[in-house]
Amino acid sequence: MEMDKLVSLCKRRGFLFQSSEIYGGVNGFWDYGPLGVELKRNIKDAWWRDMVTGHDDLTKAEGAPEPYEMTGLDCTIIMHPQVWKCSGHYDLFHDYMVDCRQTNKRYRHDQVSGRWVEAKDKRIFATAGSDSDSPEEDITRQALKFFGLRNKHIEQLQWDGGITPLTDIKDFSQVLGPHAKELGTLTEPREFNLMFKTTLGALGGEEDAAFLRPETAQGIFVNFKNVLDSTRVKIPFGIAQVGKSFRNEITPRNFTFRSREFEQMEIEFFCHPDSSQKWYKYWRDRRFQWYLDMGIPEGKLILREHKPEERAHYSIGTADIEYAFPFLAEGEYGELEGISHRGDFDLRSHMLGKLDPNSEATPMEVELNEHGKPKYRGSGKDLTYRDEITNEKYTPHVIEPSAGADRATLALLCEAYTEDEAPDDKGKMKTRIVMKFHPRIAPIKAAVFPLVKRDGMPEMAKDIYRALKKQWNVFYDEKGAVGRRYRRQDEAGTPFCITVDGQSLEDQTVTIRHRDTLEQWRVKADDIVGEISKLINV
RNA sequence: GCGGGUGUAGCUCAGUUGGCAGAGCACAACGUUGCCAACGUUGUUGUCGAGGGUUCGAAUCCCUUCACCCGCUCCA
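All values derive from a computational prediction rather than experimental measurement. (Residues numbered from 1 in each chain as written. Chains lettered and ligands numbered in written order. Predicted model: local features only at pLDDT ≥ 70, side-chain atom pairs only at ≥ 80, totals over all residues. Heavy atoms only, no water.)

> When you look at the packing of aromatic side chains in this model, what are you seeing that I'm missing?
Any aromatic ring pair is given by two values, namely how distant the centres are and how the planes are angled relative to each other. On inspection of all chains with the given rule, the structure shows 28 aromatic pairs. Judged by centre distance (5.2 Å) and plane angle (80 degrees), the ring pair of Phe146 and Phe147 falls under edge-to-face. Assessed through its relative accessible area of 24%, Phe146 is described here as partly exposed. Measuring from centroid to centroid gives 4.9 Å for Tyr323 and Phe325, while their planes differ by 90 degrees, and the two rings are edge-to-face. Following the ring pairs from residue to residue traces out a cluster consisting of Tyr68, Phe269, Trp279, Tyr282 and Trp283. The ring of Tyr90 has Lys85 sitting right over it, with the charged end atom 4.9 Å from the ring centre. Against the face of Trp116 rests Arg123, its NZ or CZ located 4.3 Å from the ring centre. (Phe/Tyr/Trp six-rings, centres within 6.5 Å; stacked < 30°, edge-to-face > 60°. Buried < 20%, exposed > 50% of the residue type's maximum accessible area, 1.4 Å probe, protein only. Lys NZ or Arg CZ within 6 Å of the ring centre and 35° of its normal.)

> Would you mind going over the side chain of Thr127 with me for this structure?
Here Thr127 lies in strand β7 (residues 122–128). Judged by its relative accessible area of 0%, Thr127 is buried. Among the polar contacts made by the side chain of Thr127, one reaches the main-chain carbonyl oxygen of Leu176 at a distance of 2.6 Å. The contact partners of Thr127, leaving out residues within four places of it in the chain, are Val112, Ser113, Gly114, Ile139, Gln142, Val175, Leu176, Gly177 and Pro178. (Helix = DSSP H or I, 4+ residues; strand = E, 2+ residues; numbered from the N terminus. Polar contact = N/O pair within 3.5 Å; in protein donor to acceptor, adjacent residues only side chain to side chain. Contact = heavy atoms within 4.5 Å.)

> Got a minute to help me understand helix α10 (residues 405–416) in this structure?
Residues that lie three or four places apart on an α-helix share one face, since the helix turns once every 3.6 residues. Compared with the 16 Å implied by 1.5 Å per residue over 12 residues, the 16 Å span of α10 between its first and last C-alpha is a close match. Of all 12 residues in α10, 12 are buried, a share of seventy percent or more. (Expected span 1.5 Å × (residues − 1).)

> How should I be thinking about the sheet that holds strand β6 (residues 113–119) in this particular structure?
What holds strands together in a sheet is hydrogen bonding between their backbones, with the strands either parallel or antiparallel. The strand order across the open sheet formed by four strands is β8-β6-β7-β9, and the pairing between neighbours is mixed. Edge strands, defined here as strands with exactly one partner in the open sheet, are β8 (158–165) and β9 (175–176). Relative to β8, β6 runs antiparallel, the two sharing five bridges. Pairing of Glu118 across the sheet is with Gln158, part of β8. With respect to the sheet, helix α5 (residues 135–147) is in contact with β6, β7, β8 and β9, its orientation differing from that of β7 by roughly 140 degrees. (Pairing = 2+ DSSP bridges. Axes fitted to C-alpha atoms, helices over the stretch in contact; angles between N-to-C directions.)

> Explain unusual backbone geometry to me, please; I cannot follow it from the model alone.
For the bond running from Ile235 to Pro236, omega is 5 degrees, close enough to zero to count as cis. Here Pro236 is to be found in the loop between α7 (224–231) and β13 (237–246). One non-glycine residue, Lys120, lies in positive phi territory at about 50 degrees. You can see Lys120 is positioned in the loop between β6 and β7. Lys120 sits in the exposed class, given a relative accessible area of 53%.

> Explain the environment of Met195 to me, please; I cannot follow it from the model alone.
With respect to the element layout, Met195 can be found in the loop between β10 (190–193) and β11 (197–199). Considering only alpha carbons, one finds Met195 and Leu92, 103 residues apart in sequence, at a separation of 9.7 Å. In this view, Met195 contacts Trp84, His89, Tyr90, Phe93, Phe211, Pro214 and Asn248; residues no more than four positions away in its chain are not counted.

What follows is the structure in structure tokens.
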């Protein structure tokens, strides 16, 4: 399936529009149209129902170490700025970057280091980037290459001082970029903020800067104590949240896949450190199965465990659930959801101050500034948990299944898009576009048609429509040829069409037409609500 | 961020050398028909992505800019 066809159908039928389209659009922002909003809402509702409200906390779920509780939360998009400092996002997402005009490489300003060196009556600052395993060797190699010297003439390099960070250098005109061949190719350091900055208060200045959240998870951590104190939940339990997040993506691309404003469906699952590994496995497998249940075939979905070097060292495991999006190359997959074992990093960071992600100690140590104080102070609040039966007090470990609602929606749109052949009224085969959504997520569950607009057929059809409308989003249409009405519903992904015809008026039966098979069968008009209910809840 | 491509009706696209803005589909109404994009008649739809320039005249040539697609780069 070519992506263009899906994008065109999405616009034509009202699934997705470009944001602010009449003004030319904005890069990385997309709007959901009348059908799209239903589809996405159904996906979010299915997730919430399956993970939260529908969860049976009395029974041990298959694959789970023990029964557990689930609860929800809806926190604000703007939070106290300190939240993002302690979470690590401020440091990770907020950097000064320098670009190399020659190599088109980009470096973090504070991670480029270099050394003054003189040879052949020229003095330059040779550098190595953060990608370098051995800055000293790379700096030397860069210097040799620049001066056109061989290794055996290494003594011609006159070093001036030791390795210093690029941040100490004001004038870049004599700086040789980490992979550059000429001097002065690095741009001035530019602020690079992956978080959206905003201002609190109408007169707010720089000290009133706040951020739109880059993930919903932190709102759960900072409310951990509130949930414990207000609900009687006991570990193990999870807190779920659905909501918008914002990231200034460098390269928004691939339709809605990488958007700057997007919606997440996240769970923070709190458990005892000793059982955290089992819970990690449970959630990883449970979430994978959920996508299969939503209608994504096994062959297009992979569960990819991160290699140890790919994940933070304090994490016992991280796995991505990835889908073979059609815009990716053969054999490549795009992330739908990440499940990570975060240990106690978040809760302890919000207690004590941001932990040092490079700390090898157990438990991890707080990252300190040059004065030996915490780089970012924590809340100072006790976020530990006391087990009332064993009286054990500990900081819970966290398993985080973090899903993208827009990515799930996009995957299900891609998966649903089908072109097949169906006969027209003369029996000639014609290409048919049909969105084969699982009935549970289909924007419209059923359409009701009178075969023709006379003889009391519309009246009977309208009664059926009203009866169904009480429970589902259904659609009534009496205009034009019935074949055209069927095809329109195929493009909307409506799984069932109910038609009132001449026979209906005599024996009170109607036909149900199946979207995928085109099969039709008759049922009693009085049974239609139960019949549709049965068909949708398969 | 870099390189290439594209942008004309709701969708798909044509538009010659700079000379009246087009087609198919879709959509709406009416009629006929009566189960898979039907037929007939009638009708609606355009800042030609935006801004500027050249020109008597620009969808067409030039500059700037925005968006989308592809390839690099990046990707928490």
